[in-house]
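Residues per chain, in single letters:
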Amino acid sequence: QVQLVESGGGLVQAGGSLRLSCAASRSLFTFNTMAWYRLAPGKQRELVASSIRSGSTNYADSVKGRFTISRDNAKNTLYLQMNSLKPEDTAVYYCNAEINSAFGAPVVYWGQGTQVTVSS
C-alpha cells in the first residue's frame, strides 16, 4: 500500500531556510494531486502548497514568494523548499496525496508529519 514519509523539519532562525521531503512508496504519477499542509497549535489546518501531475502549483497567500513545491519523479519524492522563514511558519507539516474518483470522495493519503520550528 501507499506510504508517505516526511523528513527535513527542524529548528531554524527567522529568515532561514529548510527543505522538506516527502518520500512516497510508489510513483508520484499515481496521484492526481500532492500537497503540503500544516497544523499549528491553536490554528486550523492550512493548505500550504499543492501540485498536480502536470506540474501546475498553487500556494497559500501567506507563503507565496517564499515557498516552492516541487517533485522529483525519479525518486518518488515531493519537496517543499521554504525560504525566508517566519515564526508564524512554525507548525507540523504534513504530506498529502490524493487519487481522484468518479464515485464519491477521492482516496486520500497522509504522512505522519514533520515539525518545523522557527525562532525569532
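Summarised in this report is the structure supplied together with it.

Calculation rules
Residues numbered from 1 in each chain as written. Predicted model: local features only at pLDDT ≥ 70, side-chain atom pairs only at ≥ 80, totals over all residues. Heavy atoms only, no water. Buried < 20%, exposed > 50% of the residue type's maximum accessible area, 1.4 Å probe, protein only. Helix = DSSP H or I, 4+ residues; strand = E, 2+ residues; numbered from the N terminus. Pairing = 2+ DSSP bridges. Salt bridge = Lys/Arg side-chain N within 4 Å of Asp/Glu carboxyl O. Phe/Tyr/Trp six-rings, centres within 6.5 Å; stacked < 30°, edge-to-face > 60°. Lys NZ or Arg CZ within 6 Å of the ring centre and 35° of its normal. Axes fitted to C-alpha atoms, helices over the stretch in contact; angles between N-to-C directions.

1. What to know about the pairing of strand β1 (residues 4-7)
For a regular strand, side chains alternate in direction, first toward one face of the sheet and then toward the other.
Then comes step 1: Of the two faces of β1, the one lined by Leu4 and Glu6 is fully buried and the one lined by Val5 and Ser7 carries no buried residue.
Then comes step 2: Two elements, β1 and strand β3 (residues 18-24), share 4 bridges in a ladder whose sense is antiparallel. Following the sheet pairing, Val5 is matched in β3 by Ala23.

2. Let's talk about the pattern of salt bridges
Then comes step 1: For the coordinates displayed, the defined rule picks out 4 salt bridges.
Then comes step 2: Where Arg38 meets Glu46, a salt bridge forms, and the shortest distance between an N and an O atom there is 2.8 Å.
Then comes step 3: Taking relative accessible area as the criterion, Glu46 reaches 26% and is therefore assigned partly exposed.
Then comes step 4: The partner of Arg66 in a salt bridge is Asp89, and the shortest N-O contact between them spans 2.8 Å. Here Asp89 lies in the loop between β8 (77-82) and β9 (91-99) and Arg66 lies in the loop between β6 (57-59) and β7 (67-72), a separation of 23 residues in the sequence.
Then comes step 5: What you see here is one network of salt bridges that share partners, running through Arg38, Glu46, Arg66 and Asp89.

3. Describing unusual backbone geometry
Then comes step 1: The phi dihedral of Asn76 falls on the positive side, at around 55°, and the residue is not glycine.
Then comes step 2: Relative to the helices and strands, Asn76 is located in the loop between β7 and β8.
Then comes step 3: Despite not being glycine, Ser84 has its phi angle at roughly 50°, a positive value.
Then comes step 4: With respect to the helices, strands and loops of the structure, Ser84 is situated in the loop between β8 and β9.
Then comes step 5: Residue Ser84 is classed as partly exposed on the basis of its relative accessible area of 42%.

4. Some words on the packing of aromatic side chains
For any pair of aromatic rings, the description consists of the separation of the ring centres together with the inter-plane angle of the planes.
Then comes step 1: Enumeration over the complete set of coordinates arrives at 2 aromatic pairs.
Then comes step 2: Measuring from centroid to centroid gives 6.2 Å for Phe31 and Tyr109, while their planes differ by 65°, and the two rings are edge-to-face. On the criterion of sequence distance, the pair formed by Phe31 in the loop between β3 and β4 (33-39) and Tyr109 in strand β10 (residues 107-110) is long-range, its members being 78 residues apart.
Then comes step 3: For Phe31, a relative accessible area of 0% corresponds to the buried category.
Then comes step 4: Between Arg45 and the ring centre of Tyr37, over which it is positioned, the NZ or CZ distance is 5.4 Å.

5. Structural notes on the pairing of strand β11 (residues 114-119)
Then comes step 1: Of the two faces of β11, the one lined by Thr114, Val116 and Val118 is fully buried and the one lined by Gln115, Thr117 and Ser119 carries no buried residue.
Then comes step 2: Relative to β11, strand β2 (residues 10-13) is paired through 4 bridges, and the arrangement is parallel. Residue pairing across strands places Val12 opposite Val118, the latter belonging to β11.
Then comes step 3: Alignment of β9 against β11, held across 3 bridges, turns out to be antiparallel. Paired with Val92 across the bridge in β11 is Gln115.

6. A word on the sheet that holds β7
Then comes step 1: Pairing is antiparallel in the open sheet, where 4 strands are placed in the order β1-β3-β8-β7. Only two strands of the sheet have a single partner each, and these edge strands are β1 and β7. Looking at each pair of strands side by side, their axes are set apart by 15° on average, direction ignored.

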